[in-house]
Amino acid sequence: TLRLTNKALSSRELHDIKKLIGRKFVVSRLMRNKEFSVPKTNTVLLEGDLLLVVAGTADVEPITAFIGEAAETDWKVSEPALESRRIVLTRSEINGKTLGSLRLRTIYGVNVTRVNRSGVDLLGSANLVLQVGDAVTVVGEVASIEKVEQFLGNTLKRLNEPHIFTIFIGIFFGIIFGSIPFFIPGIPMPVKLGLAGGPLIISIIIGRFGYKFRLVTYTTQSANLMLREIGITLFLASVGITSGGQFAESVFSIDGLIWVGAGFLITTIPLLIMGFINRKFVRLNYFSLAGLFAGSTTDPPALSYSGSIANNDEPAVSYSTVYPL
């Protein structure tokens, strides 16, 4: 909650103030003379206005310094006039459209403050591309919010239907892409991304650009976790079956022990060096570092373990950025 005390900003429209500050933020509610309203881009702000601002953590301090000062007020008092509601986007026609192109503020007089996607809160900026399954936080009058609810869908039953086609497309093109040989000068054998790297690269691309081809990438959290667990189980089972036949005679021999020792050193020393550099100089947090380790050593079991202790997607994001390389 901020009080506008900067006289240079008084009597300016909200969109002009956003340009001057140069930071992304959304003004969710405005209180002036004890009256509450949802500000629009052309709303003129005055000195003494109380603003409920939503912004990224890193932007809070500069926005506060620019607008005026932090204040305290009970915004629950505004609830008879204004309501905040989370609406799930289920209409596939809206998939891939930017938040600004829907013109929700102009048509319905509501503000979208944040969008929750797969457990991650995103700021409701105009250029944010929406996807099916997004939980959109809308602030406005009750009647207006109900109209927005009908427009966005909010039919949770539709989300329970799995989008198998998108998964099939990802696997199909991933296998093809992973089978393409890349010839690098000085290396006698061509390099392939394989059955792991190919689908991973294609899935990242589909996750980023799939909406342009009307591909719905949403899956329920339970289905997502089930696919992950089945995948890692099949992986470990296939590795165990492949290597189990000659495991004892390969490991418990003089040559085998030398190879195990060498493998231990080759694996451990780079991880220790990488861990020290990333913590000391790059300041990576532990979860990102765990995903980085798992990806750089192509170690899905390590990813599964780090994901189970993190309770967030940071290890998976870090893993997917380095695994293909």
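Trainee: Any details on the packing of aromatic side chains? Residues and values, ideally.
Mentor: With the rule as written, the count across this model stands at 7 aromatic pairs. Here phenylalanine 168 and phenylalanine 172 contribute two aromatic rings whose centre-to-centre distance is 5.9 Å and whose plane-to-plane angle is 15°, an arrangement assigned as stacked. Note that phenylalanine 168 and phenylalanine 172 are positioned in helix α7 (residues 164–178) at a spacing of 4 residues, about one turn of the helix. For phenylalanine 172, a relative accessible area of 42% puts it in the partly exposed group.

Trainee: Outline a nonpolar patch on the surface, listing residues and values.
Mentor: Nonpolar side chains collect at one region of the surface, where Phe165, Phe168, Phe172, Phe173, Ile176, Ile180, Phe182, Ile184, Ile187, Met189 and Val191 lie side by side and expose about 1,000 Å² of accessible area between them. Mapping phenylalanine 182 onto the fold places it in the loop between α7 and α8 (194–209). What makes phenylalanine 182 partly exposed here is its relative accessible area of 37%.

Trainee: How would you explain the packing of helix α9 (residues 221–244) against helix α13 (residues 300–310) if you had to name every residue and give the values?
Mentor: Where α9 meets α13, the axes come as close as 10 Å, and the angle between the chain directions of the two elements is 145°. Classified by chirality, the crossing of α13 by α9 is left-handed. Along the contact surface, α9 presents Ile232, Phe235 and Leu236, while α13 presents Pro300, Pro301 and Ser304. Taken together, the residues that form the contact of α9 with α13 break down as 5 nonpolar, 1 polar and no charged.

The rules we used
Residue positions within a chain follow its written sequence, with the count starting from 1. With pLDDT at 70 or above as the cut-off, local features in this predicted model cover only qualifying residues; side-chain atom pairs require 80 or more to be listed or tallied, and sums for whole chains, interfaces and linings still use all residues. Note: side-chain values were computed over all heavy atoms of the structure, leaving out hydrogens and water. Pairing of aromatic rings covers Phe, Tyr and Trp, the last counted by its six-membered ring, and requires centre-to-centre distances within 6.5 Å; plane angles under 30 degrees mean stacked, over 60 mean edge-to-face, and any other angle means tilted. Only DSSP runs of H or I with at least four residues qualify as helices, and only runs of E with at least two residues qualify as strands; both kinds are numbered from the N terminus onward. Relative accessible area decides the class of each residue, using a 1.4 Å probe on protein chains only: under 20% of the type maximum gives buried, over 50% gives exposed, and in between gives partly exposed. Patch definition: residues with relative accessible area over 30% and no salt bridge; like charges joined within 9 Å; nonpolar side chains (Val, Leu, Ile, Met, Phe, Trp, Tyr) joined within 5 Å. Only the protein chains shown count as cover for residues, with accessible areas throughout obtained via the Shrake-Rupley method and a probe of 1.4 Å. Any Lys or Arg side-chain nitrogen located within 4 Å of an Asp or Glu carboxyl oxygen qualifies as a salt bridge. To obtain each axis, a line is fitted to C-alpha atoms, and for helices this fit is confined to the stretch in contact; angles are then taken between N-to-C directions over 0 to 180 degrees. With the far helix as reference, a near helix turned anticlockwise by less than a right angle produces a left-handed crossing, and one turned clockwise produces a right-handed crossing. We call two residues contacting when some pair of their heavy atoms lies within 4.5 Å. Under the convention adopted here, Pro, Cys and the residues Ala, Val, Leu, Ile, Met, Phe, Trp and Tyr are nonpolar, Asp, Glu, Lys and Arg are charged, and Gly plus all remaining residues are polar.

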